[in-house]
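If you want the building blocks of each chain, they are given just below.
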Amino acid sequence: MFIERRDKNTNYYKVLQSRTLDLLQHLSGNVWTDFNVHDPGVTIADIFNYGLYELHYMFQFPFETYLSIEERKELAYHRKGFFSSGYIFSHSIVTVSDYERLITDSITEVEACRISLNDDMFYHIEVQLTVDADKEQVSNSIERLYHSNRNLCENLGEILIVSHIGSPEADKFENHPQTLGLRRPDSHHPKMPQNYYSIQNHFPECYGISERGFPSGVTEEYKAKVSQLKAYLLIFDYLLADTENQAKNIGVLLDLSKKIPDKETLSINIRNVEELVDKKRMEASNIHSDVFWHIQKSRFLDALDSIYGEDTRKIYNDMDLPCQNEKRADIISAFPELNKNRFRSFNIFDGSDKITGIRQTIAAMLGYDAKEEIPLSNFFAHYRLRLLEDSIFFTKYKYKLSVDIVEETSVDEIEKVQERDMLYKEEDYKELSMRISILWHNLLYEAFLVYGSNIDNYRLVHQREKGYLLIFKVPKKNDWFVISPFYEKEALIKTANLFCQFIRHLNVKSQTFYLIEHILLNDDIKGTPDYNKLTIVIPRWAKAIYSKAKYEELLRNRLPAHIQVEFGWFAVGKMYRFEEVYYKWRKAISDKNQSDIVRFSKVIKSILDKK
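If you're wondering where the values come from, they're calculated on a predicted model, not measured in any experiment. (Residues numbered from 1 in each chain as written. Predicted model: local features only at pLDDT ≥ 70, side-chain atom pairs only at ≥ 80, totals over all residues. Heavy atoms only, no water.)

**A short note on the overall build of the protein**
And step 1. Helix and strand content of the protein: 23 helices and 13 strands.
And step 2. Burial status across the protein gives 46% buried among its 611 residues.
And step 3. Total accessible area on the protein stands at roughly 34,000 Å², and carbon and sulfur atoms take up 50% of it. (Helix = DSSP H or I, 4+ residues; strand = E, 2+ residues; numbered from the N terminus. Buried < 20%, exposed > 50% of the residue type's maximum accessible area, 1.4 Å probe, protein only. Areas by Shrake-Rupley, 256 points an atom, 1.4 Å probe, with all protein chains shown as cover.)

This is how it looks when you write it as structure tokens:
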């Protein structure tokens, strides 16, 4: 047996030492010629390199070590954005082979299945059945199974029972690629130290800065020099302690939530530290601001975006960074589940309230929950509100509320309404409906939904002995509208801010769109249908949340490339007329009522042609 000599170039500490001396010689030239260990400067560099070597060791831990949740003593990779391969690559029905495998795996009477596209671009399904199988029952089961997994701009043609089908080719891509090879860390894996241990404690005793303190019998001048050295070395201590602290906070930083590391003062436990640092200022200080941590978290979310092929920063780039990070973390957590059905259309046998996969995804990205279709007319009726088009309101109803404030009140008595941080709750509506005059009339108009959530579009008018008026103006319009009179200024400010939150609530809850697949529009006119054409109908006031261009880009980027997309931005009157026909058309498809399908398909085409 023999001991093999280790190559010094593989020793990171030796590498640091060698590079440090080379750099010092280069920078100092002839001024500093003694680089032996008895030189204090060399000793400081030596100890600092030792500290860096310790940090280097800490960053050699397995990556899983930094992700463990200490308070729960467990790992939760999904909370860090590292989902399992089985979750990310959960099987979605997209290709013809996917449909064939779905049918053969789900229906025991089907021995083999072959699917192709007919001349009308409908799926033509041929199946080989087991002996004594009920052909009609199997056909119905296949039809229902297909429609429960149907993707956008697809439709079913014939289902034929045949005597023999050749063996389908095995799926060459059955074994999906794996994600990051993360594993549960073993119990012997080293943990990050709880407290930073100062490099000053590693200096030789003769320096007088270690835990033992000054040697006996030293002069005050010597003590002053030692204190100066200790204070100088604190710079290195804080650098090393901060790096170690950031390593300990990786688990929090990578958590898919709004959490950031807690504010904490770096604790440098050295002898007589109170003589070097102002304790009160040190306790009040924070080495890194919240902004620093939010930026770091944003960069981690950028990395997850690149892994999963998303651009969540662009979706929420109009928000402040903490809110942006929270929204991005939420949607990244939801993407694997959402993307599983991202191309899925509605199931015609489940009634008229089921929504498409793309609708669920966009709803999650915009920050609201959508599991079923709710007509907009029903939503506003819940508040007993009539939503009017701007043209109707400004010609028929504005006289009820308009007021010329410039002639009757001096400009000095008009104030901006102070913004308050308030949260609207459903029980607040009763109070609002009694205080806000526009709600007394049960009226809202589209421009109110677009601009009414911005407190900058409101003003406070002091009428001296008459009290106060809350007024509102649509940007680029000349007319001001009285929202409500008030006796007290504070009540006006509170109500105005709560009303803005209510309008925001209406905007979010009324965010909807409808996808019309032209392959399903059977108007009994001969010819190949627009099998790949999709018209997306959006209420015109949706631009209150996102601009028209951004909304359309958001949808286009998440639809299959072969789909030809058109958009229809409908005013409230046209939206209500469309919804009325749309739900009747969905019911006709569900009931397989061919005459109603043709009738309502024609009406929908007529509405879309006039978009």
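There is more to say, and it comes next.
**Overview of the side chain of Arg 558**
And step 1. By the element assignment, Arg 558 lies in the loop between helix H21 (548-556) and strand E13 (564-570).
And step 2. Note on Arg 558: relative accessible area 6%, which makes it buried.
And step 3. Polar side-chain contacts of Arg 558 include one of 2.8 Å to the side chain of Glu 310.
And step 4. Aside from chain neighbours lying at most four places away, what touches Arg 558 is Glu 310, Phe 335, Asn 339, Arg 342, Phe 343, Ile 358, Thr 361, Ile 362 and Met 365. (Polar contact = N/O pair within 3.5 Å; in protein donor to acceptor, adjacent residues only side chain to side chain. Contact = heavy atoms within 4.5 Å.)

**A short note on the pairing of strand E1 (residues 110-117)**
Look at any regular strand and the pattern is simple: side chains alternate between the two faces of the sheet.
And step 1. In this sheet, strand E2 (residues 123-129) lies alongside E1 in antiparallel orientation, the contact comprising seven bridges. Residue Ala 112 lies in a different strand from E2, and its bridge partner there is Gln 128. (Pairing = 2+ DSSP bridges.)

**Details of unusual backbone geometry**
And step 1. With a phi angle near 65 degrees, Met 121 is a residue other than glycine that sits in the positive phi range.
And step 2. Here Met 121 shows up in the loop between E1 and E2.
And step 3. The phi dihedral of Arg 384 falls on the positive side, at around 60 degrees, and the residue is not glycine.

**Here's the deal with the pattern of salt bridges**
And step 1. All chains considered together, the criterion is met by 20 salt bridges.
And step 2. Among the ionic pairs, Lys 425 bridges to Asp 428, the shortest N-O distance being 3.8 Å.
And step 3. Residue classification places Lys 425 among the partly exposed residues on the basis of a relative accessible area of 40%.
And step 4. Here Asp 428 falls in the buried class, since its relative accessible area comes to 13%.
And step 5. Notably, a salt bridge pairs Arg 435 with Glu 431, separated by 3.4 Å at the nearest N-O pair. Here Arg 435 pairs with Glu 431, and both are found in helix H17 (residues 429-435), just four residues apart, close to one helical turn.
And step 6. You can call Arg 435 partly exposed: its relative accessible area is 31%.
And step 7. Classification of Glu 431 as partly exposed rests on a relative accessible area of 31%.
And step 8. Salt bridges sharing common partners tie together Asp 302, Asp 305, Arg 313 and Arg 328. (Salt bridge = Lys/Arg side-chain N within 4 Å of Asp/Glu carboxyl O.)

**So, the sheet that holds E13**
And step 1. The three strands lie next to each other as E11-E12-E13, forming an open sheet whose pairing is mixed. Strand pairing shows two members of the sheet lacking a second neighbour, strand E11 (514-517) and E13, which therefore form its edges. Strand-to-strand twist of the sheet, defined as the mean angle between neighbouring strand axes without regard to direction, takes the value 25 degrees.
And step 2. Here four bridges tie E11 to strand E12 (residues 533-539), and the two strands are oriented antiparallel to one another. Along E12, the bridge assignment pairs Glu 517 with Leu 534.
And step 3. Packed on one face of the sheet, helix H22 (residues 572-591) meets E11, E12 and E13 and runs near 55 degrees to E11. (Axes fitted to C-alpha atoms, helices over the stretch in contact; angles between N-to-C directions.)

**Thoughts on the packing of helix H2 (residues 40-58) against helix H7 (residues 220-248)**
Helix-helix packing is described using two parameters, namely the angle between the two axes and the distance between the axes.
And step 1. Interaxial distance between H2 and H7 falls to 10 Å at its minimum, and their mutual angle equals 15 degrees. Taken together, the axes of H2 and H7 lie roughly parallel to each other. In this structure, the crossing between H2 and H7 has a hand that is right-handed. Where H2 approaches H7, its residues Ile 44, Phe 48, Gly 51, Leu 52, Leu 55 and Met 58 are matched on the opposing element by Leu 229, Tyr 232, Leu 233, Phe 236, Leu 239, Leu 240, Thr 243 and Glu 244. (Parallel < 35°, antiparallel > 145°, perpendicular 65-115°, else oblique. Left-handed = near helix turned anticlockwise from the far one by under 90°.)

**Details of the nonpolar core**
Burial of nonpolar side chains together is a common tendency in soluble globular proteins.
And step 1. With 70 residues, the main nonpolar core has Tyr 445, Phe 448, Tyr 458, Phe 499, Phe 502 and Leu 506 as its most contacted residues.
And step 2. For this core, the element with the highest residue contribution is helix H20 (residues 489-509), accounting for ten residues.
And step 3. Not counting residues within four places of it along the chain, the set of residues in contact with Phe 502 comprises Tyr 383, Leu 385, Tyr 424, Tyr 429, Leu 432 and Leu 439.
And step 4. Among the nonpolar cores identified, the runner-up in size contains 43 residues, and Leu 256, Phe 335, Ile 536 and Trp 569 belong to it. (Core = buried A, V, L, I, M, F, W, Y, C linked by side-chain atoms within 4.5 Å.)

**Digging into the pairing of strand E10 (residues 480-486)**
And step 1. The element E10 is largely enclosed, with a buried count of six among its seven residues.
And step 2. Relative to E10, strand E9 (residues 468-472) runs antiparallel, the two being bridged by five bridges. Its bridge partner lying in E10, Leu 470 is registered against Ser 484.

**A short note on the confidence of the model for the protein**
Detailed reading of the predicted model is not advised wherever pLDDT is low.
And step 1. Here the protein shows a mean pLDDT of 81. Residues at 70 or above account for 85%.
And step 2. Confidence over residues 170-180 falls short of pLDDT 50; this stretch has eleven contacts with residues more than four positions distant or in other chains. (pLDDT = per-residue confidence, 0-100.)

**Remarks on the environment of Ile 455**
And step 1. Take Ile 455: it is sitting in the loop between helix H19 (446-451) and strand E8 (458-462).
And step 2. A relative accessible area of 7% means that Ile 455 is categorised as buried.
And step 3. Remark: the alpha-carbon pair of Ile 455 and Cys 500, spanning 45 residues in sequence, is separated by 6.6 Å.
And step 4. With residues up to four places along the chain from it excluded, the contact list for Ile 455 reads Val 417, Glu 419, Ala 496, Asn 497 and Cys 500.

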